[in-house]
Amino acid sequence: MRLSWLFTIFALSAQSATLYKVVQADGTVVYTDRPVAGAVPVALPNANTSQSLAPKQVTKPTAPSKPDVNYNISILSPAHEETIRNNQGEVKVSASIEPKAVGLFQLVLNGQVLATGASPQFVVQGVPRGEHQLEVRLVSKSGKILASSPTRVFYLHQASVLNRSG
């Protein structure tokens, strides 16, 4: 049993080397990888090998991604810090975008989305008097904000019955 175990270890460690068998004077058998006097080369069977069972890493070719487009939205009207005089609280907002884009435009008034449309042109009714902040956003169909304009401040002035002179 010991002899077969020893033979197996030598076979595994010396796969490409030549193995020699030496029978000593007392009858014991010794295996060595060095040719000594009285040594006989031993023909070893091919080592039992197999491929790894681990899955091979396959790199999938990635589709070329669309280059990110940098959209530039600017509000054309009202002008920054413009005073609008309208007793009904009507404000016309006009914006432009470069390059042209497909998506939805959102009008944000004082931090709240007020209207959504396919065009960057809006007419807002019922805006109260005072200072207001305005922003126009381009939003994808999934709801992701693709671009937004810088915040624009405007003032709405309405006539008051309390300010009658005379």
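Further up the page is the structure itself.
First things first, this report covers the structure right here in the doc. Predicted model only: the values in this text are computed from it and were never measured. (Residues numbered from 1 in each chain as written. Predicted model: local features only at pLDDT ≥ 70, side-chain atom pairs only at ≥ 80, totals over all residues. Heavy atoms only, no water.)

1. Some words on the overall build of the protein chain
Inference 1: Helices and strands together make up the secondary structure of the protein chain, namely one helix and 12 strands.
Inference 2: Sorting the 166 residues of the protein chain into buried and exposed places 26% on the buried side.
Inference 3: Across the protein chain, the fraction of contacts at a sequence separation of at least 24, relative to all contacts at a separation of at least 6, is 54%.
Inference 4: For the protein chain, the accessible surface area stands at approximately 12600 Å², while carbon and sulfur atoms represent 53% of it. (Helix = DSSP H or I, 4+ residues; strand = E, 2+ residues; numbered from the N terminus. Buried < 20%, exposed > 50% of the residue type's maximum accessible area, 1.4 Å probe, protein only. Contact = heavy atoms within 4.5 Å. Areas by Shrake-Rupley, 256 points an atom, 1.4 Å probe, with all protein chains shown as cover.)

2. Section: the pattern of salt bridges
Inference 1: Tallying each qualifying case throughout the model produces one salt bridge.
Inference 2: Of the charged contacts in the structure, one is a salt bridge between Glu135 and Arg137, with a shortest N-O distance of 3.5 Å. (Salt bridge = Lys/Arg side-chain N within 4 Å of Asp/Glu carboxyl O.)

3. Quick word on the pairing of strand β2 (residues 29–32)
Inference 1: By the bridge criterion, four bridges tie strand β1 (residues 19–23) to β2 in an arrangement that is antiparallel. Each residue of the ladder has a partner; that of Val22, found in β2, is Val30.
Inference 2: Between β1 and the antiparallel strand that follows it, β2, lie five residues; Gly27 among them carries a positive phi value of about 95°. (Pairing = 2+ DSSP bridges.)

4. Section: unusual backbone geometry
Inference 1: Look at the link from Ser77 to Pro78: it is a cis peptide, with omega at 5°.
Inference 2: Each neighbour pair has its own omega, and for Glu98 with Pro99 the value is -15°, a cis peptide bond.
Inference 3: One non-glycine residue, Glu81, adopts positive backbone phi at about 60°.
Inference 4: Among the structural elements, Glu81 can be located in the loop between β4 (72–77) and β5 (82–85).

5. Some points on the sheet that holds β4
Inference 1: If you walk across this open sheet you meet the three strands as β4-β6-β9, and the pairing is antiparallel. The open sheet terminates on both sides in strands that have one partner only, identified here as β4 and β9 (121–124). Neighbour to neighbour, the strand axes of the sheet diverge by 25° on average, direction disregarded.
Inference 2: When strand β6 (residues 91–98) meets β9, the two strands line up antiparallel, connected through four bridges. Residue pairing across strands places Lys92 opposite Val123, the latter belonging to β9. (Axes fitted to C-alpha atoms, helices over the stretch in contact; angles between N-to-C directions.)

6. Quick notes on the nonpolar core
Inference 1: Of all hydrophobic cores here, the largest spans 19 residues; its most connected members are Ile73, Val91, Val93, Leu107, Leu134 and Val136.
Inference 2: Of all the secondary structure elements, the ones that give two or more residues to this core are β4, β6, β7 (104–109), β9, β10 (130–139) and β12 (152–157).
Inference 3: With four residues, β6 is the largest single contributor of residues to this core.
Inference 4: Not counting chain neighbours up to four residues away, the residues in contact with Val91 comprise Ile84, Phe122, Val123, Val124, Val127, Phe154 and Leu156. (Core = buried A, V, L, I, M, F, W, Y, C linked by side-chain atoms within 4.5 Å.)

7. Details of the pairing of β6
The two faces of a sheet get side chains in turn, since along a regular strand they alternate between them.
Inference 1: Here β4 runs beside β6; their pairing, made up of five bridges, is antiparallel. Residue pairing for β6: Ser74 is matched across the bridge by Ser96.

8. Things to note about the sheet that holds β1
Inference 1: Spatial strand order, β2-β1-β3: three strands in an open sheet with antiparallel pairing. Looking at strand neighbours, the two that pair on one side only are β2 and β3 (40–42), the edges of this open sheet. The mean angle between the axes of side-by-side strands here comes to 35°, regardless of whether they run parallel or antiparallel.
Inference 2: Here β1 pairs with β3 via three bridges, running antiparallel.

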